[in-house]
Amino acid sequence: MEFLDIYKKSEIYDIERIVEMFNNNEITDGAEFKIKGALHRIKDMGGFSFVNVRSSKLVFQCVWEEGYSKCDLSDFSVEECVYIDGVIVTEERSRLGFDVRIKDMVRISGRAAAPLPVEVGNDKKIDRLNLHTMLDNRVLTIRNPKVRAMLRITDGVMFAFRDFLRKEGFTEFVAPKFVEAGAEGGADMFKVDYFGKKAYLNQSPQMYKQFMVGSVVKAYTVSPVFRAEKYSTNRHINEFQGLDLEMGFIESFYDLMSLEARMFKHIFNILNEEYAPELEMFLGEGAKLPNIEQFPVIRFDEAKKMYAEAHSGGIGKQALKEPDLSPDEEKWLGEYAKKYYDSPVIFVTHYPSVKRPFYTMDDPENPKYTLSYDMLLNGMEASTGGQRIHDYETQVEKMQKRGMDISDFEDYLTMHKYGMPPHGGLGLGLERIVQNILGIPNIKLATAFPRDRDRLRP
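Residues numbered from 1 in each chain as written. Predicted model: local features only at pLDDT ≥ 70, side-chain atom pairs only at ≥ 80, totals over all residues. Heavy atoms only, no water.

Turning next to the pattern of salt bridges. Where charged atoms from two side chains of opposite charge approach closely, those side chains can pair. One pass over the full model with this rule turns up 29 salt bridges. Of the charged contacts, one joins Arg299 and Asp301 as a salt bridge, the two residues approaching to 3.3 Å between their closest N and O atoms. Assessed through its relative accessible area of 25%, Arg299 is described here as partly exposed. One network of salt bridges, with partners in common, ties together Lys209, Asp244, Glu246 and Arg388. (Salt bridge = Lys/Arg side-chain N within 4 Å of Asp/Glu carboxyl O. Buried < 20%, exposed > 50% of the residue type's maximum accessible area, 1.4 Å probe, protein only.)

What follows is the structure, given as structure tokens:
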């Protein structure tokens, strides 16, 4: 009988651990150690070479020297994985405070099969790649430090979302992805054959998170969302990661906006504290996300009037006729909030009923509008939220007015029949948040492996 050794091995160190020990004076100039990583870039200087090595979080510099280093550097290629026997050489110009002098290096992966189709280690060339080349080679381009920084920021947003809601008393659950009907009326859904039955990929966990309110009162889910939208823009993809929550016993939908405001303060704080190097790669050295103190709120109709007054002529008049905000209007509102309130966030409330799903509660004072909102982040819609209809008769009446077949929503209406508290919720698109925070021009570049109408690989 053998027993598993569960203790973490220490003979092969991560560079992050070496940096920590160096900063704590546990190891000093001349110390020998072994590290692991991938060869990121090799620059021959004649007689010696700079060898950049990539770990899980860092790219650090090693120095290969002819006559000192035992390995033949010509035997190695970029992207091969190696173990390095190294020596610390203090170097003030290094971000780590030291370089690694290579005594020996051993390959632990297979040899590179062919030259790289894209230069992962060249940031300037990566930035110049067109969108299709970048995404066609996504298996490799995610290794680039800047792309990887985006992936880590994505990780930070998901972590902060979960961390905040757990502290607020929310329970996470998993919503199904195969459904019989759409949460928003069945539009723009992917049809699938489910053992001979008609089914769809879920376009929203809306119904399920409302069901959960009847059980745990406060619920959230992190899951993929599928939209069969045929258009392709810089802010839309057909599969995205939804961050959704629902809470019961609210007094008004303003409770949801207050919750979301606190949540974004938490997300920004987490990113500033734990993901500073990644933020700097996009926002500049020393850059931090703002500590938001004010969250301006404006009604939809007031926002429309303000935009129209600021844009005389046909543009302003046409804006007043549309029951939604255009991307240009959202951008203008974002600039207004930044200029006058120094806030990257602005809440727009009371959207027209015709532009909101059937489950959204209409405003009792004016049923033309709803008790709902959008949150704009840096001039782009980042979330949609609002109060839901919790009364059975009111819900059936609204569905019938919209020509919906209520027999398709038997389970959903059962929830209303047997008592639901006043409740509401909101949904965010993870990739849209990351795109906005980092200023990425196209949402596909803020996605690890994007899916749009033309892309099913990698």
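There is more to say after this.
Inspection of the entire model under this criterion finds 1 cavity of 30 Å³ or more. Taken as a whole, the largest cavity spans an internal volume of roughly 30 Å³. Together, Ala175, Pro176, Lys177, Asn202, Ser204, Pro205, Ser223, Pro224 and Val225 line the largest cavity. When its residues are assigned to classes, the lining of the largest cavity shows 5 nonpolar, 3 polar and 1 charged. (1 Å grid on protein atoms, 1.4 Å probe; cavity = no way out; pocket = protein on both sides within 12 Å on 5 of 7 lines; lining within 4 Å. Points joined across faces, edges and corners; volume = space filled by probe spheres on them. Nonpolar A, V, L, I, M, F, W, Y, C, P; charged D, E, K, R; others polar.)

Right, let's talk about a negative patch on the surface for a bit. A contiguous patch of negative charge, built from Glu180, Asp405, Asp408, Glu410 and Asp411, is present on the exposed surface. Tracing the backbone through its elements, the reader meets Glu180 in the loop between β7 (178–179) and β8 (191–194). Classification of Glu180 as exposed rests on a relative accessible area of 70%. (Patch = residues over 30% accessible without salt bridge, like charges linked within 9 Å, V, L, I, M, F, W, Y side chains within 5 Å. Areas by Shrake-Rupley, 256 points an atom, 1.4 Å probe, with all protein chains shown as cover. Lys, Arg positive; Asp, Glu negative; His and termini not counted. Charge placed at Lys NZ, Arg CZ, Asp CG, Glu CD. Helix = DSSP H or I, 4+ residues; strand = E, 2+ residues; numbered from the N terminus.)

Our next topic: the layout of surface pockets. Its boundaries defined by the atoms lining it, the second largest pocket holds a volume of some 1100 Å³. What lines the second largest pocket is a set of 30 residues, and nearest its centre among them are Asn52, Val59, Phe60, Arg95 and Asp123. Breaking the lining of the second largest pocket down by element, the ones donating at least two residues are β1 (32–44), β2 (48–54), β3 (59–65), α2 (123–128), α5 (145–167) and α8 (276–283). Per-element accounting of the lining of the second largest pocket gives the leading share, 5 residues, to α8. Residues belonging to the lining of the second largest pocket are distributed by class as follows: 10 nonpolar, 6 polar and 14 charged.

On inspection of all chains with the given rule, the structure shows 18 aromatic pairs. Consider the rings of Phe178 and Tyr194, whose centres lie 5.2 Å apart with planes at 45 degrees: the pair is tilted. Placement of the pair is Phe178 in strand β7 and Tyr194 in strand β8, with a sequence separation of 16 residues. Under the relative-accessibility criterion, Phe178 is labelled partly exposed at 46%. Look at Tyr194 and you get partly exposed, because its relative accessible area is 37%. Residues Phe295 and Phe347 carry aromatic rings whose centres are separated by 6.5 Å and whose planes lie at 50 degrees to one another, so their mutual orientation is tilted. Separated by 52 residues along the polypeptide, Phe295 in the loop between α8 and β12 (297–299) and Phe347 in strand β13 (residues 345–349) bring together distant segments of the chain. (Phe/Tyr/Trp six-rings, centres within 6.5 Å; stacked < 30°, edge-to-face > 60°.)

Before going further, it helps to spend a moment on unusual backbone geometry. Residues apart from glycine generally show negative phi values, whereas peptide bonds are mostly found in trans. Arg457 connects to Pro458 through a cis peptide bond whose omega is 0 degrees. In this fold, Pro458 is placed in the segment after α14 (430–438). Phi is positive for Val217, which is not a glycine, with a value near 75 degrees. Here the phi dihedral of His350 falls at roughly 60 degrees; this positive angle occurs in a residue that is not glycine. Assignment of secondary structure puts His350 in the loop between β13 and β14 (362–363).

Turning to its location among the elements, Asp163 is positioned in helix α5. A residue is classified by how much of its surface remains accessible, and Asp163, at 18% relative accessible area, is buried. At 2.8 Å, the side chain of Asp163 and the side chain of His266 are in polar contact. (Polar contact = N/O pair within 3.5 Å; in protein donor to acceptor, adjacent residues only side chain to side chain.)

Below, the discussion takes up the sheet that holds strand β17 (residues 380–387). Taken in spatial order, the 8 strands make up an open sheet running β6-β10-β11-β18-β17-β16-β13-β12, and their pairing is mixed. At either end of the open sheet lies a strand with only one pairing partner, and these are β6 (171–172) and β12. Sheet topology places β13 next to strand β16 (residues 372–377); 5 bridges connect them, and they run antiparallel. Counterpart to Thr349 in the pairing with β16 is Tyr373. Its contacts with the sheet place α5 against β6, β10 (218–226), β11 (239–248) and β18 (423–429), and it is angled at close to 155 degrees to β10. (Pairing = 2+ DSSP bridges. Contact = heavy atoms within 4.5 Å. Axes fitted to C-alpha atoms, helices over the stretch in contact; angles between N-to-C directions.)

In this section: the pairing of β8. Sheet topology note: the β8/strand β9 (residues 197–201) ladder contains 4 bridges and is antiparallel. The partner of Tyr194 across the bridge, within β9, is Lys197.

Quick look at the sheet that holds β1 now. Pairing is mixed around the closed barrel formed by 5 strands, whose spatial order is β1-β2-β3-β5-β4. Averaged over all neighbouring strand pairs, the angle between strand axes comes to 55 degrees, with direction disregarded. Alignment of strand β4 (residues 81–90) against strand β5 (residues 98–107), held across 9 bridges, turns out to be antiparallel. Considered in β5, the bridge of Gly86 is made with Ile102. On the sheet, helix α1 (residues 15–23) packs against β1, β3, β4 and β5 and is oriented at approximately 145 degrees with respect to β5.

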